[in-house]
Amino acid sequence: MKSIEFILAEIDLRARYDALFEECPNAFIQQSTYWAEVIQEIGPDKPIFLLCEHNGQAIAGLPLYLYENPHGNVLISVPQAGPMGGVFIRDGIPDDVTAQAYKCLLEKAIEVASMNCCICISLITNPFTQDLRHYESSFMPDLVFENFTQHIDVPKMVVNGEIQLKDYQSRSTSAYIGPRIQKALNAGFEVDFNYSKENSDATYQLHLDRFAELGVAPIRKEIVENIRTRLAPQGKAMLVTVKKDGEVASGCIYILHRNILDVFIISGNNAFKAAAPNFLNHDHSIRMAAKKGIQIFNWQSSPNRESGVYRYKKEWGSIDTPYYFLTKLLCPPSRIAAMGIATLKAEYPMHFIVPFQAFTSGFECKYFSKTSSAR
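Quantities reported herein were computed from a predicted structural model and do not represent experimental measurements.

Student: I keep staring at the overall build of the protein chain and nothing clicks. Help me out?
Tutor: On a plain count of helices and strands, the protein chain comes out with 13 helices and 16 strands. The globule rule puts the C-alpha radius of gyration for 375 residues at 21 Å, and the 21 Å found for the protein chain is close to it. A burial count over the protein chain gives 56% of its 375 residues as buried. Within the protein chain, contacts between residues at least 6 apart in sequence are counted, and of these 72% link residues at least 24 apart. Approximately 15,700 Å² of the protein chain is accessible, and the part contributed by carbon and sulfur atoms is 51%. Averaging the coordinates of the 37 positive side-chain charges in the protein chain and doing the same for the 40 negative ones gives two points 4 Å apart.

Take a look at the structure:
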């Protein structure tokens, strides 16, 4: 068994990696070389890919991104928004070979980080395969941050093309969601699946408006445009807009691969909020996901379990599933601790380096969580 390192310019190796990726139904689009093309123009990350071969067959892959900075280089699974990543592996691989593949890839990743003088390497586990055990045994992280994602089991929720809210999760779900969908229908909205530049730009403008209200940096326009021009033509992205008299009241951009659809941007127009266009959007989006054979409608994470965003997803019958950001330090912890949170945020934007809680609880702690204290 061996791990092969390559970059996007190495066409033959990329083709083998892409072929493996397409054969892995439970991989995320963020693990693909296509995603590297979406984000590489805004940089400055350098994409590096690892391909694991066993008996001449490609069986597993791992995307890595090198971020060079005067404060210290870092290697991470996936930069930018919507970070799903880490190792993906072909279906049907025996457990013992799977463990070897993880070991082979993770040891190679550490080697790549060391060769590039990185101060740390941070990887992400898969919430839907629960592969933390492989990282714990082969990667041996120094810091573990537990997050959670919310998702819908699409085949259980959509039966004969219709969403079965009342039978899916709880009686409160049907009582809450159904009337709001009806309200949106009564308002005369139209649902549009056309991934046009006009619809994409309108959705992005709503995103800018909302993030300005929150005082949070928005997703870069280049990423949104590259999703439209590079992923959508491959069937790897979907845009759903809800309109009234031609004006976009709700827009949602999705990125997808085989079994998994990720919600990338949800944007609503405050002028239409009372008429609940987002509810109509997600009603149609979930049913469209079912038509496409999607198994997992992945809302992605929420700020916490007390937030309105969390409750909204929960009302749709979403399920909480943990996943983990794992950091292996390749320098004394004191070097990163000395930076402080402010420097870390300023110098490594949109990159997970270490849990922020480590700066208050101490780097001698190993386990951290979004919803509980360090231990």
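Student: Honestly, the side chain of T98 in this entry has me stumped. Any pointers?
Tutor: Tracing the chain through its elements places T98 in helix 3 (residues 95–115). At 3.4 Å, the side chain of T98 forms a polar contact with the backbone oxygen of I93.

Student: What is the right way to look at the nonpolar core in this model?
Tutor: For soluble globular proteins, the rule of thumb is that nonpolar side chains tend to be buried together. Judged by nonpolar contacts, the single largest core of 64 residues is most densely connected at W35, I227, L231, F264, I336 and V354. Among the elements that make up this core, the one with the highest residue count is helix 2 (residues 33–40) (five residues). Filtering out sequence-adjacent residues up to four positions away, L231 remains in contact with I29, Y34, W35, V38, N226, K236, A237 and I255.

Student: I would appreciate a short explanation of the packing of aromatic side chains in the present structure.
Tutor: The description of an aromatic ring pair rests on the distance of the ring centres and on the angle between the ring planes. This structure, assessed with the given rule, holds 23 aromatic pairs. Ring centres of Y17 and F49 lie 5.1 Å apart, and the angle between their planes is 65 degrees; this geometry places the pair in the edge-to-face category. One end of the pair, Y17, is in helix 1 (residues 11–22); the other, F49, is in strand 2 (residues 46–54), with 32 residues separating them in the sequence. Judged by relative accessible area, which is 0%, Y17 ranks as buried. With a relative accessible area of 0%, F49 lands in the buried category. Through pairs of rings, three or more aromatic residues link up here, namely F6, Y17, F21, Y34, F49 and F88. It is R305 that lies over the ring of F148; its NZ or CZ is 4.0 Å from the centre. Here K370 stacks its cationic end above the ring of F148, 5.3 Å away from the centre of that ring.

Student: Would you take a moment to explain the packing of helix 8 (residues 197–214) against helix 9 (residues 221–231) for this structure?
Tutor: Packed helices, taken two at a time, are described by their axes: the angle between them and the distance between them. One can describe the packing of helix 8 onto helix 9 by two numbers: an axis separation of 11 Å at closest approach and a directional angle of 150 degrees. Judged by the inter-axis angle, helix 8 sits roughly antiparallel to helix 9. Judged by the sense of rotation from one axis to the other, the crossing of helix 8 with helix 9 is right-handed. Of the residues in helix 9, those touching helix 8 at K197, S200, D201 and Y204 are K221, V224, E225 and R228. A breakdown of the residues in the contact of helix 8 with helix 9 according to their chemical character gives two nonpolar, one polar and five charged.

Calculation criteria
Every chain is numbered independently, its residues counted from 1 as its sequence is written. A pLDDT threshold of at least 70 governs which residues receive local features in this predicted model, and a stricter bar of 80 or more applies before side-chain atom pairs are shown or counted, although totals over entire chains, interfaces and linings include all residues. Side-chain metrics in this entry use all non-hydrogen atoms of the structure; hydrogen atoms and water are not considered. Working definition: helices are DSSP H or I runs of at least four residues, strands are E runs of at least two. Numbering for both runs from the N terminus. In this setup the radius of gyration rests on C-alpha atoms only. A globule is expected at 2.2 Å times the number of residues raised to 0.38. Burial here depends on accessible area, computed with a 1.4 Å probe over protein chains only, as a share of the maximum for the residue type. Under 20% is buried, over 50% is exposed, and the range in between is partly exposed. Between two residues, a contact is recorded if the distance between any of their heavy atoms is within 4.5 Å. The method behind every accessible area is Shrake-Rupley, applied with a 1.4 Å probe, and residues are considered shielded solely by the protein chains displayed. For the purpose of counting charges, residues Lys and Arg are taken to be positive, whereas Asp and Glu are taken to be negative. His and the chain ends are not included. Charge positions are represented by NZ for Lys, CZ for Arg, CG for Asp and CD for Glu. Contacts described as polar in this section are N or O atom pairs within 3.5 Å, which, within protein, must combine one atom able to donate a hydrogen with one able to accept it, while residues neighboring in sequence count only if both atoms come from side chains. Only buried Ala, Val, Leu, Ile, Met, Phe, Trp, Tyr and Cys residues count toward a nonpolar core, and they belong to the same one when joined by side-chain atoms within 4.5 Å. Two rings belonging to Phe, Tyr or Trp (six-membered ring only in the last case) form a pair when the distance between their centres is within 6.5 Å. Interplanar angles under 30 degrees mark stacking, angles over 60 mark edge-to-face geometry, and anything in between is tilted. Geometrically, a lysine NZ or arginine CZ counts as sitting over a ring once it is within 6 Å of the ring centre and also within 35 degrees of the ring normal. Here, axes are lines fitted to C-alpha atoms. For helices the fit covers the stretch in contact, and angles between N-to-C directions go from 0 to 180 degrees. Relative orientations are named as follows: roughly parallel for angles under 35 degrees, roughly antiparallel for angles over 145 degrees, roughly perpendicular for angles from 65 to 115 degrees, and oblique for any other angle. For a crossing to be left-handed, the near helix must be turned anticlockwise from the far one by less than a right angle; the clockwise case is right-handed. Put simply, Ala, Val, Leu, Ile, Met, Phe, Trp, Tyr, Cys and Pro go in the nonpolar bin, Asp, Glu, Lys and Arg in the charged bin, and everything else, Gly too, in the polar bin.

Note that all results are geometric; they support no functional claim without further evidence.
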